[in-house]
Amino acid sequence: VTNDDAACATSFGAAFPGITLARHSDEPILQASEHSVDGLNAWIGASMIPTIQEFSEDSIEGIFGERKQAIFLFRNKANSGEFENVFSQAATAMKGQIGVVTSDVAEGIQGRLGEFVGVTSDMLPTIRVLDPADGMKKFSYDGKLAELTVEKIEAFVNDFKAGNLAPFLKSEPIPETQEGPVHVLVGKSFQKDV
């Protein structure tokens, strides 16, 4: 340890002595608070991705390739609102617990994601959780985004992790009556009826 080491650390805004991660995203310098091997591995894994990432060709592998659960805010970039600030605050509060992603559904890879998830432009803004590790199940936030709070987003994620949410299915409504020789099956009734 020399004065040069301390000066180098200081020039990068790093603690000395300590473990620091430099990256090109929302928080460029991160300080490790955990120094065990397992703790460092978990911290590095959570710190390698931005707090919030915009869904793109570059982020697909980090989300779906590694089969990580993620909460998505689908919104029209041109019509943002206070819900985006709340979503950003929730992303900071939930860092390391779940991936946090924003996306439009207008075109390109974001349009294909919207189609896959069942989100159309007339449904924006809306929030979904995707679970690539469990058959790409999708879960829909049913609250009003005008009343969105960090606590409501955290409760939604906690309910998802506890298995308290029913998956979102692209399905017609269950028929009110089933008369005649033909029985109509829809996505929402398939497991029960079959």
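Here the residue numbering is sequential within each chain, running from 1 through the sequence in written order. For a predicted model such as this one, the threshold for reporting local features is a pLDDT of at least 70, and the threshold for listing and counting side-chain atom pairs is 80 or more; totals across whole chains, interfaces and linings nevertheless cover every residue. Note that water and hydrogens are dropped before the side-chain values are worked out from all heavy atoms of the structure.

Q: Describe in detail the side chain of Ser140, supporting the description with residues and values.
A: Helix and strand assignments come from DSSP, with helices taken as H or I runs of at least 4 residues and strands as E runs of at least 2, each series counted from the N terminus. Mapped onto the secondary structure, Ser140 falls in strand 7 (residues 137-140). A distance of 3.1 Å separates polar atoms of two side chains, one belonging to Ser140 and the other to Arg128. Setting aside residues up to four positions removed in sequence, Ser140 forms contacts with Ile127, Arg128, Phe156 and Phe168. Whenever two N or O atoms come within 3.5 Å, that pair is a polar contact, provided that in protein one can donate a hydrogen and the other can accept it, and provided that, for residues adjacent in sequence, both atoms are side-chain atoms. We call two residues in contact whenever any of their non-hydrogen atoms come within 4.5 Å of each other.

Q: If you had to explain the pattern of salt bridges to someone new, which residues and values would you point to?
A: Just to be clear on terms, a salt bridge is a Lys or Arg side-chain nitrogen sitting within 4 Å of an Asp or Glu carboxyl oxygen. A full pass over the atoms with the stated rule returns 4 salt bridges. Note that Arg75 is salt-bridged to Glu54, the shortest N-O span being 2.9 Å. Placement of Arg75 in the loop between strand 4 (70-74) and helix 4 (82-93) and of Glu54 in strand 3 (residues 53-54) is noted, with a sequence separation of 21 residues between them. A single network of salt bridges, built from pairs that share partners, joins Glu54, Arg75 and Glu84.

Q: Could you give me a rundown of the nonpolar core, with the residues and numbers involved?
A: Throughout this description, the term nonpolar core refers to a set of buried Ala, Val, Leu, Ile, Met, Phe, Trp, Tyr and Cys residues connected via side-chain atoms within 4.5 Å. Between buried and exposed lies partly exposed: a residue is buried under 20% and exposed over 50% of the maximum accessible area for its type, with that area taken using a 1.4 Å probe on protein chains only. Judged by nonpolar contacts, the single largest core of 21 residues is most densely connected at Ile71, Met94, Ile127, Leu148 and Ile153. Counting residues per element, the ones that place at least two in this core are strand 4, helix 4, strand 6 (126-131) and helix 6 (150-161). Those residues within four positions of Met94 in sequence are excluded, and the remaining contacts are Ile71, Val100, Ile153, Glu154 and Val157. In this structure, Ala70, Phe74, Leu124 and Met136 belong to the second largest nonpolar core, which totals 14 residues.

Q: Before we move on, can you summarise the packing of helix 4 against helix 6 with the specific residues and values?
A: What counts as an axis is a line fitted to C-alpha atoms, over the stretch in contact for a helix, and the angles between N-to-C directions run from 0 to 180 degrees. Look at helix 4 against helix 6: their axes get within 9 Å of each other, and the N-to-C directions meet at 55°. Looking at the two axes, helix 4 sits oblique to helix 6. Like other packed secondary-structure pairs, helix 4 and helix 6 cross with a definite hand, here right-handed. Counted together, Val86, Phe87, Gln89, Ala90 and Ala93 of helix 4 and Val150, Ile153 and Glu154 of helix 6 form the full contact between these two elements. Note on residue classes: Ala, Val, Leu, Ile, Met, Phe, Trp, Tyr, Cys and Pro are nonpolar, Asp, Glu, Lys and Arg are charged, and everything else, Gly too, is polar. Classifying every residue of the contact of helix 4 with helix 6 gives 6 nonpolar, 1 polar and 1 charged. Orientation categories follow fixed angle ranges, with anything under 35 degrees roughly parallel, anything over 145 roughly antiparallel, 65 to 115 roughly perpendicular, and all other angles oblique. Rotating anticlockwise by less than a right angle from the far helix to the near helix defines a left-handed crossing, while the corresponding clockwise rotation defines a right-handed one.

Q: Talk me through unusual backbone geometry; I want residue IDs and the actual numbers.
A: Leu124 connects to Pro125 through a cis peptide bond whose omega is -5°. Mapped onto the elements, Pro125 comes out in the loop between helix 5 (108-117) and strand 6.

Q: Let's hear about helix 6: which residues, and what values?
A: In this model, helix 6 (12 residues) spans 17 Å end to end at C-alpha, consistent with the 16 Å of a helix rising 1.5 Å per residue. Buried residues belonging to helix 6 abut strand 4, helix 4, strand 6 and strand 7. Gly163 sits one or two positions beyond helix 6 and adopts a positive phi of about 80°. Multiplying 1.5 Å by the helix residue count minus one yields the expected span of that helix.

Q: Give a detailed account of the side chain of Arg128, specifying residues and quantitative values.
A: Its location among the elements puts Arg128 in strand 6. Not counting residues within four places of it along the chain, the set of residues in contact with Arg128 comprises Ala70, Ile71, Phe72, Phe74, Val117, Gly118, Val119, Met123, Phe139, Ser140 and Phe168.

Q: Which residues make up the packing of aromatic side chains, and what are the values?
A: Within 6.5 Å between ring centres, the rings of Phe, Tyr and Trp (the latter by its six-membered ring) count as paired, and their orientation is classed by plane angle as stacked under 30 degrees, edge-to-face over 60, tilted in between. Applying the stated criterion across every chain, the model contains 4 aromatic pairs. On the numbers, 6.1 Å between centres and 65° between planes, the contact of Phe55 with Phe72 is edge-to-face. One end of the pair, Phe55, is in the loop between strand 3 and helix 3 (60-65); the other, Phe72, is in strand 4, with 17 residues separating them in the sequence. The class for Phe55 is buried, based on a relative accessible area of 3%. What makes Phe72 buried here is its relative accessible area of 0%. Cation placement over rings: the criterion is NZ of Lys or CZ of Arg within 6 Å of the ring centroid and within 35° of the ring normal. Lys138 extends its terminal NZ or CZ atom over the ring of Phe116, reaching a point 4.5 Å from the ring centre.

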